[in-house]
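# Understanding the architecture of this molecule
So you can see what is in the structure, the chains are spelled out below.
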Amino acid sequence: MSRRIFIAGNWKMNLLLVEALELVGKLKEQLRDVKAVDIAVCPSSVYVQQVAKSLSDSNIGVGAQNVYYREKGAFTGEVSTGMLIDVGVKYVILGHSERRHILNETNEDVNLKTQAVLASGLTPIVCVGELLAEREAGTTELVIKSQIESAFVNVAAADMKKCVIAYEPVWAIGTGKVATPDQAEEVHLFIRNLIEKKYGKDIAESVRIQYGGSVNDENAKEILAKPNVDGALVGGASLKVEPFVKIVKSAL
Ligand code: 13P
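Residues numbered from 1 in each chain as written. Predicted model: local features only at pLDDT ≥ 70, side-chain atom pairs only at ≥ 80, totals over all residues. Heavy atoms only, no water.

Time to look at the state of the cysteines. Each disulfide is one covalent bond, formed between the sulfur atoms of two cysteines. Counted under the stated rule, the structure contains 0 disulfides. With no disulfide of its own, C127 lies closest to C42 among cysteine sulfurs, the gap being 9.3 Å. Here C163 stays free of any disulfide, with the sulfur of C127 as its closest cysteine sulfur at 12 Å. (Disulfide = S-S within 2.5 Å.)

Moving on to the site of the ligand. Looking at the ligand, the residues that line it are N10, K12, H96, E168, A172, I173, G174, G213, S214, L233, G235 and G236. In the environment of the ligand, an oxygen atom lies 3.0 Å from a nitrogen or oxygen atom belonging to the side chain of N10. Interatomic distance of 2.8 Å between a backbone N/O atom of S214 and an oxygen atom of the ligand. In isolation the ligand has 310 Å² of accessible area, and contact with the protein removes 94% of it. (Near = heavy atom within 4 Å. Polar contact = N/O pair within 3.5 Å; in protein donor to acceptor, adjacent residues only side chain to side chain. Areas by Shrake-Rupley, 256 points an atom, 1.4 Å probe, with all protein chains shown as cover.)

Moving on: the environment of N104. You can see N104 is positioned in the loop between α4 (97–101) and α5 (107–120). Measuring from C-alpha to C-alpha, the distance between N104 and K197 comes to 29 Å, with 93 residues separating the pair along the chain. N104 has contacts with R99 and D109, leaving out every residue within four places of it along the chain. (Helix = DSSP H or I, 4+ residues; strand = E, 2+ residues; numbered from the N terminus. Contact = heavy atoms within 4.5 Å.)

The next point concerns the packing of helix α1 (residues 17–30) against helix α12 (residues 241–250). The relative placement of two packed helices comes down to the angle between their axes together with the axis-to-axis distance. In contact at an axis separation of 10 Å, α1 and α12 are set at 35° when each is read in the N-to-C sense. Of the two possible hands of crossing, α1 and α12 adopt the one that is right-handed. Taking contact as the criterion, the partners of L23, K26, L27 and Q30 in α1 are, on α12, V241, F244, V245 and K249. Residues that form the contact of α1 with α12 fall into these classes: 5 nonpolar, 1 polar and 2 charged. (Axes fitted to C-alpha atoms, helices over the stretch in contact; angles between N-to-C directions. Left-handed = near helix turned anticlockwise from the far one by under 90°. Nonpolar A, V, L, I, M, F, W, Y, C, P; charged D, E, K, R; others polar.)

Moving on, we come to the layout of surface pockets. Quantified by volume, the largest pocket comes out at close to 450 Å³. Along the walls of the largest pocket sit 19 residues, with K12, Q65, N66, R99 and L103 positioned nearest its centre. In terms of residue class, the lining of the largest pocket is built from 8 nonpolar, 7 polar and 4 charged. Considering the residues around the second largest pocket, the lining is formed by 17 residues, among which S58, N59, I60, G61 and K90 are closest to the centre. (1 Å grid on protein atoms, 1.4 Å probe; cavity = no way out; pocket = protein on both sides within 12 Å on 5 of 7 lines; lining within 4 Å. Points joined across faces, edges and corners; volume = space filled by probe spheres on them.)

The subject of this paragraph is unusual backbone geometry. Note on backbone geometry: most residues besides glycine have negative phi, and most peptide bonds are trans. Phi is positive for K12, close to 50°, though the residue is something other than glycine. Positive phi values are uncommon outside glycine, yet N104 reaches one of about 60°. With relative accessibility at 59%, the residue N104 sits in the exposed group. (Buried < 20%, exposed > 50% of the residue type's maximum accessible area, 1.4 Å probe, protein only.)

Residues in a regular strand project their side chains so that they alternate between the two faces of the sheet. Burial along strand β4 (residues 91–94) is two-sided: the residues Y91 and I93 and V92 and L94 are all buried. One ladder, built from 2 bridges, connects strand β3 (residues 60–64) with β4; its direction is parallel. Pairing of G63 across the sheet is with Y91, part of β4. Crossover connection from β3 via helix α3 (residues 81–86) to parallel β4: handedness right-handed. With 4 bridges joining them, β4 and strand β5 (residues 123–128) adopt parallel strand pairing. Bridged to L94 within β5 is V126. (Pairing = 2+ DSSP bridges. Right-handed = clockwise from strand over helix to strand, strands pointing away.)

This brings us to empty space enclosed by the protein. Here the structure, examined in full by the defined rule, presents 1 cavity of 30 Å³ or more. When its volume is computed, the largest cavity comes out at roughly 40 Å³. Lining the largest cavity, in full, are G95, H96, S97, R100, C127, V128, G129, Q147, E168 and V170. Every element with two or more residues in the lining of the largest cavity is listed here: α4 and β5. For the lining of the largest cavity, the per-class residue count stands at 3 nonpolar, 5 polar and 2 charged.

Structure representation (structure tokens):
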């Protein structure tokens, strides 16, 4: 089964509007001919509308970095799936390690958000990943298993098929310490086997699993060549035109 490679840029809390629009203007231009790879950028929620507008005539989709799981109401500071759809968003990153570890998001929050995003028709990019201490203690698989199993509680098979998972070892995020292609492949295969156990082979084979953590234009090709690595969730290297374009093109 062949899965389309999916490269997404997670801008995190970076870039002001002029910088964001300049970046997407150039990306749109330089990635115009790329047909075989799915591409997205995930700006701050303040700018998703303008970025989506600028990319509306392009092959680059727009994702949000977070969402709340309720449809509307008294939830000061939160944004709903309906609002994101309204302004042209297609994907939502959920359970990023910075949200889990800095903003105390729990496995249960991630599950509620995953269910809400799927119900809305948006595509979730569900992030999982172990801390350095957990890897060193030999508990990587336990941590990943619990994050994956809880993220997809009450998610039906037809919806699971639409999910994207991002494996982002926390020790590799923003550290320049990328997982080796073999380390990434090992966890990706482990995740795919977990999905297979619950949903069967066909669905497990169709779910895309991105790798994230210090991906750049020099290491992307080797990581993306692994059979169970179906794309990348890129942080720092997605903030500039040249490295992001090179990462996308290294998947061709
Ligand atoms: P870096 O690519 O900056 O390590 O960030 C990865 C990440 O967290 C993407 O979501």
